Amino acid sequence: MTHELTASRLASASSKATADTAADGGWWRDAVIYQVYVRSFADSDGDGIGDLRGVRERLPHLARLGVDAVWLTPFYVSPQADGGYDVADYRAVDPLFGDLSDADDLIAAAHALGLRVIVDVVPNHTSAEHPWFREALRAGPGDGARARYHFRPGRGDRGELPPNDWESVFGGPAWTRLPDGDWYLHLFAPEQPDLNWEHPEVAEEFDSVLRFWLDLGIDGFRIDVAHGMVKAPGMPDIGRGAQATLIGTEPLPFFDQDGVHEIHRSWRRLLDSYEGGRIGVAEAWAPTSERLALYVRPDELHQAFNFRFLNCPWDPAELRTVIDESLAATTSVGAPTTWVLSNHDVVRHRTRYGSLDRARAAALLMLALPGSAYVYQGEELGLPEVTDLPDEARRDPAFRRGRRRQEPGSGPEGGAHAGTGLRPEPDGTPRAPGRRSGTSPEAEAAGQDGLRDGCRVPLPWAGTEPPYGFGPGGAWLPQPAGWGGLGVAAQTGDPHSTLELYRAALELRRALPGLGAPEAGPLTWLPAPEGVLLFTRPGFACTLNTRPEPVELPAPGRPVLSSAPVETDGRTVRLPLDSCTWWAL
């Protein structure tokens, strides 16, 4: 079914709500924000890696899709140990992706199309190639240059044991030892040393970085690991392994400490000093919805990702619980809720839910909920996870750490740097940290599974053979055969395609007055058969059938959009299995 109500017919009904949102600068309260994983979006120069010019050239696709803003993953100078989340220079564009003029052109082109631009900022850690960390490596233990990071002596008779039992999110210990005996903290890869936010130069530097990009015209920041910058006093042991499995479910001394909130308050004051509704978005994991809501109090950030919704299984009771608790938590602090199904770190929701039907239904559910929604590149095409990438093609650092092979120089006869993972410069100074020896497979298995590359495969745009219009050359990750039918060109104009479903949903979301921001009206649950969710908002109803068979019930109104064909005589409706339908009341 394609939508029956057009924007032009419904614009007058929603004009006041739209005007109110624009007038108070609260565009983010109901925005649909599209995540661009830059290296996999579009390649303009034929090197097989997406770049800023490629993004700029494809912006009309996003404008036609109907999103409000574009979020760009890191494009800063980086050794690319973790896809750019290891930043060596926060004020420069990596030559892989272009230069500052390309960033400037992209921002101007997006604004001309009515799209806002959000960029990643990575404040928890730098690259090991950052000038600060290079200076720290050259300095000795106790030198002030090391105070910007977390350097500690080890435990044990000779300092041979890590300072505590913390584990890296990517597997293995969260500490690497230098030849001089000091250990440094990295909650992610060894190439990503954690900054010490108690050092005043760290806060001063990031204030300067934010101003640099705000002055260039960006509209906001997605704050990577927004829950991680402050560690518990004394860095106490956790006392158990598999710590990555506890993130977002239990309190941890390295995440979600109360001290992070003063950092975010400071950044909110900085953002508010600029005109145009500049925003901060927290990528924050917290044990409860109530803890997450603290990040979006009126004097802190504008949004926080709702990972509980992303992680929710295809179960109506659990979906309703997560929706209710998410709305209650953010409403308590006057903030909008965000909804997201996929991103560059998780299995695409088509594969996670087990079918394209469920993925389409979940998308309509997400876009019907009060607040802001995030769309990850390719989900509008119904892309599945690529699960059969060859090992040699993978780039995820967690994969490399968990499945590394013995390297020359890493064994017991590898020289002075053996076992440290630090490759020396010609003068003997330790170079960038890399993979380490001596970590058990069991310890590494406690981190991420290292299979994130499957959701990062470059997009198909047109054509029947790889690289499907991604660029004039190949693609940095192999694209599956048969993806031509999933490309933008193949789906455009097909009323049954996932792309046209997203376009229709976003058009209706703008047009129907009961959708979007929480201010549009409350969400009210109505009685429904087992396995079915039914809720209303002003002038609107949404049904979700999670059962493996069709369900009949009284028609809530007039169907305007459905993820699968519905049968109705105006009085009753037969909801297809695994489907979501929107109704005008």
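From a predicted model like this one, the values you see are computed outputs, not experimental measurements. (Residues numbered from 1 in each chain as written. Predicted model: local features only at pLDDT ≥ 70, side-chain atom pairs only at ≥ 80, totals over all residues. Heavy atoms only, no water.)

### Notes on empty space enclosed by the protein
Turning to step 1, where the next piece is worked out: Applying the stated criterion across every chain, the model contains five cavities of 30 Å³ or more.
Turning to step 2, where the next piece is worked out: Taken as a whole, the largest cavity holds about 120 Å³ of empty space.
Turning to step 3, where the next piece is worked out: Lining the largest cavity we find 14 residues, and of these Leu-292, Ala-304, Asn-306, Ser-326 and Thr-330 sit closest to its centre.
Turning to step 4, where the next piece is worked out: At the level of elements, helix H7 (289-293), strand E11 (303-304) and helix H9 (316-331) are the ones that each hand at least two residues to the lining of the largest cavity.
Turning to step 5, where the next piece is worked out: Of the residues that constitute the lining of the largest cavity, the class distribution is six nonpolar, seven polar and one charged. (1 Å grid on protein atoms, 1.4 Å probe; cavity = no way out; pocket = protein on both sides within 12 Å on 5 of 7 lines; lining within 4 Å. Points joined across faces, edges and corners; volume = space filled by probe spheres on them. Helix = DSSP H or I, 4+ residues; strand = E, 2+ residues; numbered from the N terminus. Nonpolar A, V, L, I, M, F, W, Y, C, P; charged D, E, K, R; others polar.)

### With respect to the packing of aromatic side chains
Turning to step 1, where the next piece is worked out: Summed over the entire model, instances satisfying the criterion amount to 27 aromatic pairs.
Turning to step 2, where the next piece is worked out: These aromatic residues form a ring-pair network of at least three members: Phe-75, Tyr-76, Tyr-90, Trp-197, Phe-206, Phe-212, Trp-213 and Trp-267.
Turning to step 3, where the next piece is worked out: The lysine or arginine in question, Arg-39, covers the ring of Trp-476, its NZ or CZ lying 4.7 Å from the ring centre.
Turning to step 4, where the next piece is worked out: A cation over an aromatic ring shows up here: Arg-352 above the ring of Tyr-353, its NZ or CZ 5.4 Å from the ring centre. (Phe/Tyr/Trp six-rings, centres within 6.5 Å; stacked < 30°, edge-to-face > 60°. Lys NZ or Arg CZ within 6 Å of the ring centre and 35° of its normal.)

### Some remarks on the pattern of salt bridges
Turning to step 1, where the next piece is worked out: By the definition in use, this model includes 32 salt bridges.
Turning to step 2, where the next piece is worked out: The salt bridge involving Arg-222 is made with Asp-120; its shortest N-O contact spans 2.8 Å. Taken together, the residues Arg-222 in strand E9 (residues 220-223) and Asp-120 in strand E5 (residues 116-121) connect sequence positions 102 residues apart.
Turning to step 3, where the next piece is worked out: Its relative accessible area of 3% is what places Arg-222 among the buried residues.
Turning to step 4, where the next piece is worked out: Note on Asp-120: relative accessible area 0%, which makes it buried.
Turning to step 5, where the next piece is worked out: Taking the shortest distance from any N to any O, the salt bridge between Arg-547 and Glu-549 comes out at 2.7 Å.
Turning to step 6, where the next piece is worked out: Within this structure, Glu-262, Arg-265, Arg-269, Arg-297, Asp-299 and Glu-300 form a network of salt bridges that share partners. (Salt bridge = Lys/Arg side-chain N within 4 Å of Asp/Glu carboxyl O. Buried < 20%, exposed > 50% of the residue type's maximum accessible area, 1.4 Å probe, protein only.)

### Overview of the sheet that holds strand E12 (residues 338-340)
Turning to step 1, where the next piece is worked out: Strand order in this open sheet of eight strands is E11-E10-E9-E5-E2-E1-E13-E12, and the pairing throughout is parallel. A strand with exactly one partner marks an edge of an open sheet, and here the two such strands are E11 and E12.
Turning to step 2, where the next piece is worked out: For strand E10 (residues 279-282) and E11, the ladder comprises two bridges, and the chain directions are parallel. Bridge pairing links Val-281 to Gln-303 in E11.
Turning to step 3, where the next piece is worked out: Set on the sheet, helix H2 (residues 52-65) makes contact with strand E1 (32-36) and strand E2 (69-72); between it and E1 the angle comes to about 150°. (Pairing = 2+ DSSP bridges. Contact = heavy atoms within 4.5 Å. Axes fitted to C-alpha atoms, helices over the stretch in contact; angles between N-to-C directions.)

### Section: the environment of Val-70
Turning to step 1, where the next piece is worked out: Inspection of the secondary structure assignment puts Val-70 in strand E2.
Turning to step 2, where the next piece is worked out: Take Val-70: its relative accessible area is 1%, and that puts it in the buried class.
Turning to step 3, where the next piece is worked out: As a C-alpha pair, Val-70 and Arg-116 span 46 residues in sequence and 6.1 Å in three-dimensional space.
Turning to step 4, where the next piece is worked out: Non-local contacts of Val-70, meaning those with residues more than four positions away in its chain, are made with Tyr-34, Val-36, Leu-59, Leu-62, Leu-115, Arg-116, Val-117 and Ile-118.

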